[in-house]
Amino acid sequence: MEDRRIRDIVIVGGGTAGWMAAAALSRFTNNGYTRVTLVESAAIGTIGVGEATIPPLVTFNTMLGINENDFLAATQASFKLGIEFVGWGRPGERYFHPFGAHGHELHGVAFHQLYLRERQRRATPDISAYAMSAAAAYRGRFARPSREAKPPLSSIFYAFHFDAGLYARFLRGYAERNRATRIEGKVVDVARRGEDGFVESITLDDGRTIAGDLFIDCSGFRGLLIEQALGTGYEDWSHWLPADRAVTVQCDLPGPPDPFTRATAHPGGWQWRIPLRERMGNGFVYSSAFTSDDEARETLVANLEGAMRGEPRALSFTTGRRKQAWTANVVSLGLSSGFVEPLESTSIHMVQAGIAQLIAMFPDRRFDPIERDRYNAVIQDIYEDVRDFIILHYHANQRGDSPFWEHCRTMTIPDSLATKLALWRGKGRSFRDNAELFATSSWVAVMLGQNIWPEGYDPIADSLDPDKVAIELERIRQRYAETAEAMPSHAEFIARCLDNRPAMTAAAS
Ligand SMILES: Cc1cc2nc3c(=O)[nH]c(=O)nc-3n(C[C@H](O)[C@H](O)[C@H](O)COP(=O)(O)OP(=O)(O)OC[C@H]3O[C@@H](n4cnc5c(N)ncnc54)[C@H](O)[C@@H]3O)c2cc1C
């Protein structure tokens, strides 16, 4: 039988995407015949941002068999329990998008439906009071869920804030231990096969040629293989997500790191604040059509909470996605496959999702189109779901204090999002479609947080006695608050992890 197995995987680019791919592929193709080679150029460098993550990254690290405390120590990481949004409804308002659910369903009725009904009967605390992650985050506390723990501890979900450069370096060590080869050099030419246009090899500036069966394009926004060589095409979503620039800078931490990211809306855009273990990452995201670079920089610097480290750096981007993330024998991962701005910290997750799908659809040298098509369909769905969720934040603003926010509030939105909002506005219905990244509780957090209150609630909620439900809601709230109070502070928990002391879960603390 003809041997059609993939023997040479060539990854172009050594940013977060490249080294995540190298780490995962070197582990999952550890078969004695597949080689993984990564080419990167120190002269070009990486984008140098991407510091906030979402919970699936915990699974990625676990899948690689990485010890989480080693990872924390190597990457300046702190824990993240969600995002606090400031000023996204009306100026001055704030809400929390927690990782994990709000409360839990009662007798088959969704928690948020019971909350909506209760809210019609009397004043209730903010819905974040019923989320374990939010309860801990607002108290500056953290504990990992333990295997033995019952709810609510088992309902804590977490991710990390980390130094992206250090994470890439950490994964490089991992990949090289798994026999991945790193080559330093700048790709200057791409050779394609005559009959089908597949990429055969790349040439470096020193004349070396590297041939491969499967190429992974992790070259960042330039899309060296997927776009410059194969001309795949890009679907531009700027009409829905007009932000196209960011200016970033680090500063000192004003105190112990908070276990959450903050995203603060300002008249000309929004500012992120990502507390790593020993410094703060900051950035201001804006649309060049509405805000000048100088205004953006001034807003960023004026809102830093600690002494600035270094000079602000400017970045440009076009929100959208590569029309086919996988074309011919090239799979694009990371910024080369698309970019939806960093409001919900989803980009690194897109890399992870791409790797997971590639492993699920791993080809042989025939490159069966059915595997490629399936890959592309899944990646398209993930991108579009994330896009809609991000648009929701912009569209549902009631700021009215600048042309930028007015534009976002009045712009047309994708039909898929319009349908979701219509379902919500009637009876508070929200559903998680297919492999959608964001769960119902995420949509509920943002919609209520930005004052989209439905007219009613699902009539099924009336099958439960309202007084008994009210008692149960209060019991949940109190239990979460008490559980959070009993956790160590975030800083103390990190210190324990770094000391590698045994009391690492909340049950043990
Ligand atoms: C403003 C902003 C904020 C962000 N914040 C977040 C966040 O909080 N959370 C999150 O998940 N994501 C975030 N992201 C996205 C995140 O930064 C990226 O998804 C992630 O860093 C992956 O980037 P990358 O590896 O695809 O590209 P890059 O980091 O750009 O790496 C590209 C690599 O390709 C190499 N290369 C390019 N051309 C050549 C060549 N000719 N020859 C050889 N090598 C070459 C480069 O040297 C580099 O190694 C943010 C992005 C932006 C723009």
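The coordinates are above.
On a predicted model such as this, the values are computed, not experimentally measured, just so you know.

A. Seen up close, the overall build of the protein. Counting its secondary structure elements, the protein contains 15 helices and 21 strands. Reported as C-alpha extents along the three principal axes, the dimensions of the protein are approximately 75 × 55 × 55 Å. Across the 509 residues that make up the protein, the buried fraction comes to 57%. Counting contacts in the protein only where the partners sit at least 6 residues apart, residues at least 24 apart contribute 77% of the total. Total accessible area on the protein is roughly 20,600 Å²; 49% of this is exposed by carbon and sulfur atoms. For the protein, the separation between the mean place of its 56 positive charges and that of its 63 negative charges on side chains is 4 Å.

B. Here's a closer look at the packing of aromatic side chains. What the rule picks out here adds up to 35 aromatic pairs. Measuring from centroid to centroid gives 5.9 Å for Phe-79 and Phe-160, while their planes differ by 45°, and the two rings are tilted. Of this pair, Phe-79 sits in strand 3 (residues 78-80) while Phe-160 sits in strand 6 (residues 159-161), placing them 81 residues apart in sequence. Neither residue differs from the other here; Phe-79 and Phe-160 are each classed as buried.

C. Structural view of the nonpolar core. The biggest cluster of nonpolar side chains holds 151 residues, and the ones touching the most others in it are Trp-88, Ile-216, Leu-392 and Tyr-394. Among the elements that take part in this core, helix 10 (residues 369-395) stands out by supplying 11 residues, more than any other. In contact with Leu-392, other than residues within four places in its own chain, are Leu-417, Leu-421, Trp-443, Val-446, Met-447, Gln-450 and Ile-452. Judged by nonpolar contacts, the second largest core, of 9 residues, contains Cys-251, Phe-284, Tyr-286 and Leu-304.

D. Expanded view of the site of the ligand. In the neighbourhood of the ligand, 33 residues make up the surrounding shell, with Gly-14, Ala-52, Val-187, Leu-335 and Ile-348 lying closest. Between the ligand and Ala-17 there is a distance of 3.0 Å, counted from an oxygen atom to a backbone nitrogen or oxygen. Residue Val-49 places a main-chain N or O atom 2.9 Å away from an oxygen atom belonging to the ligand. Those elements giving two or more residues to the shell around the ligand turn out to be helix 1 (16-28) and helix 9 (347-360). Taken together, the residues of the shell around the ligand sort by class into 15 nonpolar, 14 polar and 4 charged.

E. Region of interest: the layout of surface pockets. Size it by volume and the second largest pocket reaches roughly 840 Å³. In this structure, the second largest pocket is lined by 41 residues; those nearest its centre are Arg-432, Ala-435, Glu-436, Leu-437 and Phe-438. When contributions to the lining of the second largest pocket are tallied by element, the ones reaching two or more residues are strand 5 (94-98), helix 9, helix 10, helix 12 (415-427) and helix 13 (440-449). Considering each element in turn, the lining of the second largest pocket owes the most residues, 8 residues, to helix 10. Across the lining of the second largest pocket, the residue classes tally to 19 nonpolar, 11 polar and 11 charged.

F. Layout of helix 4 (residues 111-121). Within helix 4, 8 of the 11 residues are buried, leaving the element largely enclosed by the surrounding structure. Within the sequence span of helix 4, burial applies to Phe-111, His-112, Gln-113, Leu-114, Tyr-115, Leu-116, Arg-117 and Glu-118. In this structure, the buried side of helix 4 is in contact with helix 12, helix 13 and helix 14 (466-485).

G. Expanded view of the sheet that holds strand 10 (residues 209-211). Here we have 3 strands laid out as an open sheet, ordered 8-9-10, and antiparallel in their pairing. Two strands close off the open sheet at either side, each with one partner strand: strand 8 (187-192) and strand 10. Recorded for the sheet is a direction-independent mean angle of 25° between the axes of neighbouring strands. Alignment of strand 8 against strand 9 (residues 199-204), held across 5 bridges, turns out to be antiparallel. Following the sheet pairing, Val-187 is matched in strand 9 by Leu-204.

H. Quick look at the sheet that holds strand 15 (residues 269-275). Within the open sheet, the 7 strands sit side by side as 5-4-14-15-16-13-17. Their pairing is mixed. The outermost strands of the open sheet, each flanked by one partner alone, are strand 5 and strand 17 (308-316). Direction aside, neighbouring strands of the sheet carry axes that sit 20° apart on average. As judged from the 5 bridges shared by strand 14 (residues 261-266) and strand 15, these two strands associate in the antiparallel manner. Along strand 15, the bridge assignment pairs His-266 with Gly-269.

I. Seen up close, the pairing of strand 1 (residues 8-12). Most of strand 1 is tucked away: 5 of the 5 residues are buried. What you see with strand 1 is no split at all: Asp-8, Val-10 and Val-12 on one side and Ile-9 and Ile-11 on the other are buried throughout. The parallel pair strand 1 and strand 2 (residues 35-40) is bridged by helix 1, and the resulting crossover is right-handed.

J. Focus on unusual backbone geometry. With a phi angle near 55°, Ala-328 is a residue other than glycine that sits in the positive phi range. Within the secondary structure, Ala-328 is located in the loop between strand 19 (326-327) and strand 20 (330-332). Its relative accessible area of 13% is what places Ala-328 among the buried residues. Non-glycine residue Ser-345 carries a positive phi angle of around 55°. When you line up the elements, Ser-345 lands in the loop between strand 21 (338-339) and helix 9. Taking relative accessible area as the criterion, Ser-345 reaches 8% and is therefore assigned buried.

K. Quick look at the side chain of Glu-344. The residue Glu-344 is located in the loop between strand 21 and helix 9 in this model. Among buried Asp, Glu, Lys and Arg side chains, Glu-344 stands out as unpaired, with Lys-80 the closest opposite charge at 6.3 Å. A polar contact is formed between the side chain of Glu-344 and the side chain of His-393, at a distance of 2.7 Å. Not counting chain neighbours up to four residues away, the residues in contact with Glu-344 comprise Ile-54, Ile-83, Phe-85, His-97, Phe-389, Ile-390, His-393, Phe-438 and Val-446.

Cut-offs and rules
- Residues numbered from 1 in each chain as written.
- Predicted model: local features only at pLDDT ≥ 70, side-chain atom pairs only at ≥ 80, totals over all residues.
- Heavy atoms only, no water.
- Helix = DSSP H or I, 4+ residues; strand = E, 2+ residues; numbered from the N terminus.
- Buried < 20%, exposed > 50% of the residue type's maximum accessible area, 1.4 Å probe, protein only.
- Contact = heavy atoms within 4.5 Å.
- Areas by Shrake-Rupley, 256 points an atom, 1.4 Å probe, with all protein chains shown as cover.
- Lys, Arg positive; Asp, Glu negative; His and termini not counted.
- Charge placed at Lys NZ, Arg CZ, Asp CG, Glu CD.
- Phe/Tyr/Trp six-rings, centres within 6.5 Å; stacked < 30°, edge-to-face > 60°.
- Core = buried A, V, L, I, M, F, W, Y, C linked by side-chain atoms within 4.5 Å.
- Near = heavy atom within 4 Å.
- Polar contact = N/O pair within 3.5 Å; in protein donor to acceptor, adjacent residues only side chain to side chain.
- Nonpolar A, V, L, I, M, F, W, Y, C, P; charged D, E, K, R; others polar.
- 1 Å grid on protein atoms, 1.4 Å probe; cavity = no way out; pocket = protein on both sides within 12 Å on 5 of 7 lines; lining within 4 Å.
- Points joined across faces, edges and corners; volume = space filled by probe spheres on them.
- Pairing = 2+ DSSP bridges.
- Axes fitted to C-alpha atoms, helices over the stretch in contact; angles between N-to-C directions.
- Right-handed = clockwise from strand over helix to strand, strands pointing away.
- Salt bridge = Lys/Arg side-chain N within 4 Å of Asp/Glu carboxyl O.

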